[in-house]
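Inside the fold
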2 protein chains.
Amino acid sequence: MTVIKKLENIRDKNSSLLCIGLDINIDRMPDCIKKDSGGLLDFNKAIIDATKDIVCAYKMNFAFYEQYGIEGFKVLKETFEYIPENIFTIADAKRGDIGHTSKAYAKSCFEYFNADSVTINPYPGYDTVKPFLEYDDKLIFLLTITSNKSSSDFQRLSLQGEPLYKHVIFVSKDWANNNRIGYVIGAHHAEEILSIRHLIPESWFLIPGVGAQGANAKKIILANGGGPAIINVSRDVIYASSDKNFAEASRDKAIFYRKLFNNEK
Amino acid sequence: MTVIKKLENIRDKNSSLLCIGLDINIDRMPDCIKKDSGGLLDFNKAIIDATKDIVCAYKMNFAFYEQYGIEGFKVLKETFEYIPENIFTIADAKRGDIGHTSKAYAKSCFEYFNADSVTINPYPGYDTVKPFLEYDDKLIFLLTITSNKSSSDFQRLSLQGEPLYKHVIFVSKDWANNNRIGYVIGAHHAEEILSIRHLIPESWFLIPGVGAQGANAKKIILANGGGPAIINVSRDVIYASSDKNFAEASRDKAIFYRKLFNNEK
């Protein structure tokens, strides 16, 4: 079974576009969780146990693990291992380097962590992406437009009448098919999602920035128009409560977002 | 003492612009080195011992460590710890994310690894760089122009008559002064180095791609015109020999490059 099939299966089985971002932060752990690496792993496991029938994917942003050094890296590895086999995984590493360096990053994400997909920063061009594409059954999400204010510094600079981020799409479209390359589309800009969706109707979008980052989910769903998408929420789900019942509270929040993304009442 | 002063001191003490990139690769270890993480660390230590009076800096590209998982991450940490206090260190992590994620990456590079400097991918704009700048005595190298073929995919796209990589400079110049932000300038393009040097005569350049990547060192030195620069060589120095005398061979290669970069005969 291909990773795309796996993603479609779990999306359909759980009726969910929701991806939960497991952005660990020792300062935000519930009171009942130990403030050490064992505690961080226990926390992730509890969130996964409570939400695995509500999501299509889990996303691990490497930064939050790396900040805790070797201990954090270990939690990252064990979190990947704990996620049930049928749920899609995203190594949100935003790696971007060239040649044999990029190959080493691909080895880390796809062999060591065995992620189904990875986020990549496209700035150095095709050479960055090529070693990842050499794994023939993995999905790559190219960082295209981010949800932060300073995304205008470069991503929206105009080249021949089109913003740079659209050139990322124009150029990368020819690198591989829709089952191999998707796009990270920051969620603050519904009108941009609409226009990008028009450009690449069948590409997978990874849409972060919903929830704690505040994007208006309804507008985004509408703009996406039913195209293949994974919508990520991190802190708003995982830190739903700091009480003993934190996992249950996360589950409730996950159900809330699932409904919202499915446009249910 | 500031990190810039440290960098200038070691550059002057060792009369060297040479940075050695410790790009570990288990398949290229000398025969006498064990093919495990202990061996990789022994190798790095031997190279450092043999070259520490010849270099101004050591650069660790995180990819080569991450490919070996937790074991590799440990070698990375121990390599940072082993480098003598007076030698400048570069966390070549090319991280680039936003907001609290970028903050976590900065914590990893500057607190956990205690690097003097870091490489950053500027694509998401100022928000990526800001958390790194909050450490007031560290140097940031922005990925500007890379030495690979597909650097033309985006970095050389023309905006209002200037390539994108120059806009990275135009925009970032105002973020902080020359002691805080430097630039990664891929070494294959001497004419580009000349033109960038003209634009920012006093900024630090990290120039990779010399040596195994094949750039013409003499042209580059000339183009740089004596501006503040660190010139990196990785494989051509560290894999100078696979014999028992590998460290000595690396030292000889390092001396060769030091001379070349100093324009000595």
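If you're wondering where the values come from, they're calculated on a predicted model, not measured in any experiment.

Thresholds applied
- Residues numbered from 1 in each chain as written.
- Chains lettered and ligands numbered in written order.
- Predicted model: local features only at pLDDT ≥ 70, side-chain atom pairs only at ≥ 80, totals over all residues.
- Heavy atoms only, no water.
- Phe/Tyr/Trp six-rings, centres within 6.5 Å; stacked < 30°, edge-to-face > 60°.
- Helix = DSSP H or I, 4+ residues; strand = E, 2+ residues; numbered from the N terminus.
- Buried < 20%, exposed > 50% of the residue type's maximum accessible area, 1.4 Å probe, protein only.
- Least-squares fit on C-alpha atoms with pLDDT ≥ 70 in both.
- Contact = heavy atoms within 4.5 Å.
- Salt bridge = Lys/Arg side-chain N within 4 Å of Asp/Glu carboxyl O.
- Axes fitted to C-alpha atoms, helices over the stretch in contact; angles between N-to-C directions.
- Parallel < 35°, antiparallel > 145°, perpendicular 65-115°, else oblique.
- Left-handed = near helix turned anticlockwise from the far one by under 90°.
- Arc of directions from axis to C-beta.
- Buried area = accessible area lost by both parts, 1.4 Å probe.
- Polar contact = N/O pair within 3.5 Å; in protein donor to acceptor, adjacent residues only side chain to side chain.
- Nonpolar A, V, L, I, M, F, W, Y, C, P; charged D, E, K, R; others polar.

In this section: the packing of aromatic side chains. For the structure on display, the rule yields 29 aromatic pairs over all chains. A centroid spacing of 5.3 Å and a plane angle of 50 degrees characterise the contact between Tyr126(A) and Trp175(A), whose relative ring orientation is tilted. Separated by 49 residues along the polypeptide, Tyr126(A) in helix H6 (residues 126-133) and Trp175(A) in the loop between helix H7 (164-172) and strand S8 (181-185) bring together distant segments of the chain. Given a relative accessible area of 27%, Tyr126(A) falls into the partly exposed group. With a centroid separation of 6.3 Å and an interplanar angle of 65 degrees, the aromatic rings of Trp175(A) and Phe154(B) are classed as edge-to-face. You can see Trp175(A) sitting in the loop between H7 and S8 and its partner Phe154(B) sitting in the loop between strand S5 (139-145) and strand S6 (158-159), one on each of two chains.

In this section: the relation of the copies chain A and chain B. Screw-axis analysis of chain A against chain B gives a translation of 0.0 Å along the axis, an RMSD of 0.0 Å, and a rotation angle of 180 degrees. Read as a symmetry element, the transformation amounts to a two-fold axis. Looking at the rotation axis and the C-alpha trace of chain A, the residue lying nearest is Leu159(A), at 2.6 Å. Most of the interface of chain A is mirrored in chain B: 100% of its interface residues are interface residues there too.

Residues and elements named next belong to chain A. Scanning the model with the defined rule gives 26 salt bridges over all chains in all. Between aspartate 92 and lysine 59 there is a salt bridge, and its shortest N-O distance comes to 2.6 Å. Of this pair, aspartate 92 sits in strand S3 (residues 88-95) while lysine 59 sits in strand S2 (residues 57-61); the two residues are 33 residues apart in sequence, bridging distant segments of the chain. Residue class for lysine 59 comes out buried when judged on its relative accessible area of 5%.

All names here are of chain A. It is the contact of helix H8 (residues 190-199) with helix H9 (residues 217-224), at a shortest axis distance of 8 Å, that shows an interaxial angle of 15 degrees. As the angle between them shows, H8 and H9 are arranged roughly parallel. Note that H8 runs across H9; the crossing there is right-handed. Residues Ala190, Ile193, Leu194 and Arg197 of H8 touch H9, and the partners they reach there are Lys219, Ile220, Ala223 and Asn224.

Looking now at helix H1 (residues 3-13) of chain B. Residue and element names in this part refer to chain B. Those residues of H1 that sit buried are Val3, Ile4, Lys6, Leu7 and Ile10. Each buried residue of H1 lies within a common arc of 160 degrees when the element is viewed along its axis, so the set occupies one face. At the exit of H1 stands serine 15, carrying a positive phi of roughly 45 degrees.

As a further point, take the interface of chain A and chain B. Facing the 56 residues of chain A at the interface are 56 residues of chain B. Summing both partners gives a buried area of about 4,900 Å² for chain A against chain B, and 62% of it is carried by carbon and sulfur. When residues of chain A are sorted by the area they lose upon contact with chain B, Ile70(A), Tyr123(A) and Phe154(A) head the list and together hold 18% of the total. Taken together, the links from chain A to chain B amount to four salt bridges. Taken together, the links from chain A to chain B amount to 33 residue pairs in polar contact (both at pLDDT 80 or more). If you list the elements that add at least two residues to the side of chain A that touches chain B, you get helix H3 (62-66), helix H4 (69-82), S3, helix H5 (99-112), H6, strand S5 (139-145), strand S6 (158-159) and H7 of chain A. Among the elements that line the side of chain A that touches chain B, the one with the most residues is H5(A), at seven residues. Classifying every residue of the side of chain A that touches chain B gives 24 nonpolar, 19 polar and 13 charged.

As for its position among the elements, Asp127(B) is in helix H6 (residues 126-133). Of the polar contacts made by the side chain of Asp127(B), one reaches the backbone nitrogen of Lys149(A); its length is 3.3 Å.

A few words on the packing of helix H2 (residues 37-51) of chain A against H4(A). All names here are of chain A. Closest axis-to-axis distance for the H2/H4 pair is 9 Å, and the angle between their directions is 25 degrees. Compared by their axis directions, H2 and H4 come out roughly parallel. The element H2 and its partner H4 pack so that their crossing is right-handed. Taking contact as the criterion, the partners of Ser37, Leu40, Leu41, Asn44, Lys45, Ile48 and Asp49 in H2 are, on H4, Glu71, Val75, Glu78, Thr79 and Tyr82. Of the residues that constitute the contact of H2 with H4, the class distribution is five nonpolar, three polar and four charged.

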